[in-house]
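Spelled out from the first residue to the last, the chains are:
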Number of protein chains: 2
Amino acid sequence: MKRITKKLKDAGLKVTAARMKILELLESNRGTHASAEELYRMMLERGEDIGIATLYRVLTQCEQAGLVERLQFEGGRAVFEIAEESHHDHIVCVRCGQVQEFHDEVIEARQREVARDAGFEMEDHSMVLYGLCPGCRGD
Amino acid sequence: MKRITKKLKDAGLKVTAARMKILELLESNRGTHASAEELYRMMLERGEDIGIATLYRVLTQCEQAGLVERLQFEGGRAVFEIAEESHHDHIVCVRCGQVQEFHDEVIEARQREVARDAGFEMEDHSMVLYGLCPGCRGD
DNA sequence: CTAGTTGCAAATCATTTGCACTTGC
DNA sequence: GCAAGTGCAAATGATTTGCAACTAG
């Protein structure tokens, strides 16, 4: 059984063509951070006949099931990525929009501490750094 | 001259009634983190006649001038707060929506390091922790 | 068979914009 | 006086929803 099929079953979601196609697309685009609109165009280019409504529905369901992560960078629209085993955060170039991933245990640990000190039990966090990427710093 | 008047002048913005009212409202609601829609309702309750379009325009201009900060928590709409001298980040309760502010130099310093290691010159960041607040943990 | 899924078009929500009118300097 | 600011209504862009047709289990 394909890995994606298993992921869907484990999440309690029916294994449908649309869901398979969408997860395959996300898997083959790791690191891309595409918006719904961009994913939709990619599907069309691949010749797949998936409605944008279905795309949004599947992304939302998969997000709730933990198969997909939704990221909200500055500037309105959300971008999506396939969920990885390991958590990471993002650095976005304010000039060209390039996105890099990073993971830092010092920050992660400190976040849990800060939350605990405030009396919160931390469940999640979002952290995005903005700056000029190496390529854009020279311009 | 009123403090707010000075802020506007220093920012190179004309001192208009709408701008004064909006900044006054934000100042008298420090820590509230209200959305544009909520601010609009508050203005109406105060009997002020400010259009929602103006509200958005003023918020955007003041954000660009550094007088106001726009925060994007999960769930679509942005919330606004008057800019403070000192930077801070936020912890949001996933149950009741309560927002607390915090500042942690360990994290801030580490963020700059992480960005530098990736070759970026960090200009800004957004960090929001999500969890259950003390009040909601008992439920 | 039938509850869950999908595609389409229409709806919704937050935010932005065009335009004629008003106001700060 | 005039460029900048404002209110209103209409436009926009991203995302969601109603509904009738379709499909996985």
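This one's a predicted model, so the numbers in the text were calculated from it and none came from an experiment.

(A) Summary view of the layout of surface pockets. Put simply, the largest pocket is a space of about 1100 Å³. Forming the walls of the largest pocket are 43 residues, and the residues nearest its centre are Gln72(A), Ser126(A), Val128(A), Gln72(B) and Ser126(B). Counting residues per element, the ones that place at least two in the lining of the largest pocket are helix H4 (52–64), strand E2 (68–71), strand E4 (89–93) and strand E6 (121–132) of chain A together with strand E2 (68–71), strand E4 (89–93) and strand E6 (121–132) of chain B. Considering each element in turn, the lining of the largest pocket owes the most residues, seven residues, to E6(B). Along the lines of polarity and charge, the residues of the lining of the largest pocket split into 13 nonpolar, 17 polar and 13 charged.

(B) Layout of the protein's contact with DNA strand C. In the vicinity of DNA strand C lie 19 residues, with Thr16(A), Asp49(A), Thr54(A), Arg57(A) and Tyr56(B) positioned nearest. By atom count, sugar and phosphate contribute 69% of the portion of DNA strand C lying within 4 Å of the protein. In the environment of DNA strand C, a phosphate oxygen lies 2.5 Å from a nitrogen or oxygen atom belonging to the side chain of Thr16(A). At 2.8 Å, a side-chain N or O of Arg57(A) approaches a base nitrogen of DNA strand C. In terms of residues, the surface near DNA strand C owes the most to one element, H4(A), which gives four residues. Across the surface near DNA strand C, the residue classes break down as nine nonpolar, three polar and seven charged.

(C) Quick peek at the UniProt feature "binding site: Zn(2+)" (unreviewed entry) in chain A. Residues and elements named next belong to chain A. Per the UniProt record, the feature "binding site: Zn(2+)" (unreviewed entry) sits at Cys-93, Cys-96, Cys-133 and Cys-136. A maximum C-alpha distance of 8.1 Å among these annotated residues, which run over 44 residues, shows that they cluster at one spot. As for its position among the elements, Cys-96 is in the loop between E4 and strand E5 (99–102). Look past the residues within four positions of Cys-96 in its chain and what remains in contact with it is Cys-133 and Cys-136.

(D) View of the sheet that holds strand E1 (residues 34–35) of chain B. Residues and elements named next belong to chain B. Strand order in the open sheet formed by three strands is E1-E3-E2, with antiparallel pairing between adjacent strands. In the strand order of this sheet, the two ends are held by E1 and E2, each with one partner. The pairing of E1 with strand E3 (residues 79–82) spans two bridges and is antiparallel. The residue of E3 that forms the bridge with Ala-34 is Phe-80. The strands touched by helix H2 (residues 17–27) within the sheet are E2 and E3, with E3 carrying the most contacts at an inclination of about 90°.

(E) Layout of the UniProt feature "binding site: Fe cation" (unreviewed entry) in chain A. Residues and elements named next belong to chain A. As recorded in UniProt, the feature "binding site: Fe cation" (unreviewed entry) lies at His-87, Asp-89, Glu-108 and His-125. Annotated residues spanning 39 residues; largest pairwise C-alpha distance 10.5 Å, indicating a single compact cluster. Considering only the annotated residues already named, the ones lining the largest pocket are His-87, Asp-89 and His-125. You can see His-87 is positioned in the loop between strand E3 (79–82) and E4. The exposure class assigned to His-87 is partly exposed, which follows from its relative accessible area of 29%. Among residues more than four places away in sequence, those in contact with His-87 are His-103, Glu-108 and His-125. Structurally, the position occupied by Asp-89 is in strand E4. Residue Asp-89 is classed as buried on the basis of its relative accessible area, which comes to 3%. Discounting residues that sit within four places of it in the chain, Asp-89 has contacts with Gln-100, Glu-101, Phe-102, Glu-108, His-125 and Met-127. At a separation of 3.0 Å, a polar atom in the side chain of Asp-89 contacts the side chain of His-87.

(F) Structural detail: the relation of the copies chain A and chain B. Mapping chain A onto chain B is achieved by rotating through 179° and translating by 0.0 Å along the same axis, at an RMSD of 0.1 Å. Here the copies are linked by what is in effect a two-fold axis. Residues of chain A ranked by C-alpha distance from the rotation axis are headed by Met127(A), positioned 2.1 Å from it. Interface residue correspondence from chain A to chain B reaches 100%, placing this contact among same-surface, isologous pairings.

(G) Just the pairing of E3(B), in detail. Residue and element names in this part refer to chain B. Of the two faces of E3, the one carrying Val-79 and Glu-81 and the one carrying Phe-80 and Ile-82 are both buried. Taken together, the four bridges between E2 and E3 define a ladder with antiparallel strand orientation. Looking across to E3, one finds that Val-68 is bridged to Ile-82.

(H) Broad picture of the pattern of salt bridges. This structure, assessed with the given rule, holds 24 salt bridges over all chains. With a closest N to O distance of 3.3 Å, Glu121(B) and Arg137(A) form a salt bridge. Note that Glu121(B) is positioned in strand E6 and Arg137(A) in helix H6 (residues 134–137), a pairing that runs across two chains. Note on Glu121(B): relative accessible area 41%, which makes it partly exposed.

Cut-offs used in this document
Residues numbered from 1 in each chain as written. Chains lettered and ligands numbered in written order. Predicted model: local features only at pLDDT ≥ 70, side-chain atom pairs only at ≥ 80, totals over all residues. Heavy atoms only, no water. 1 Å grid on protein atoms, 1.4 Å probe; cavity = no way out; pocket = protein on both sides within 12 Å on 5 of 7 lines; lining within 4 Å. Points joined across faces, edges and corners; volume = space filled by probe spheres on them. Helix = DSSP H or I, 4+ residues; strand = E, 2+ residues; numbered from the N terminus. Nonpolar A, V, L, I, M, F, W, Y, C, P; charged D, E, K, R; others polar. Near = heavy atom within 4 Å. Polar contact = N/O pair within 3.5 Å; in protein donor to acceptor, adjacent residues only side chain to side chain. UniProt positions renumbered as here; feature names shortened; annotations may be inferred. Contact = heavy atoms within 4.5 Å. Pairing = 2+ DSSP bridges. Axes fitted to C-alpha atoms, helices over the stretch in contact; angles between N-to-C directions. Buried < 20%, exposed > 50% of the residue type's maximum accessible area, 1.4 Å probe, protein only. Least-squares fit on C-alpha atoms with pLDDT ≥ 70 in both. Salt bridge = Lys/Arg side-chain N within 4 Å of Asp/Glu carboxyl O.

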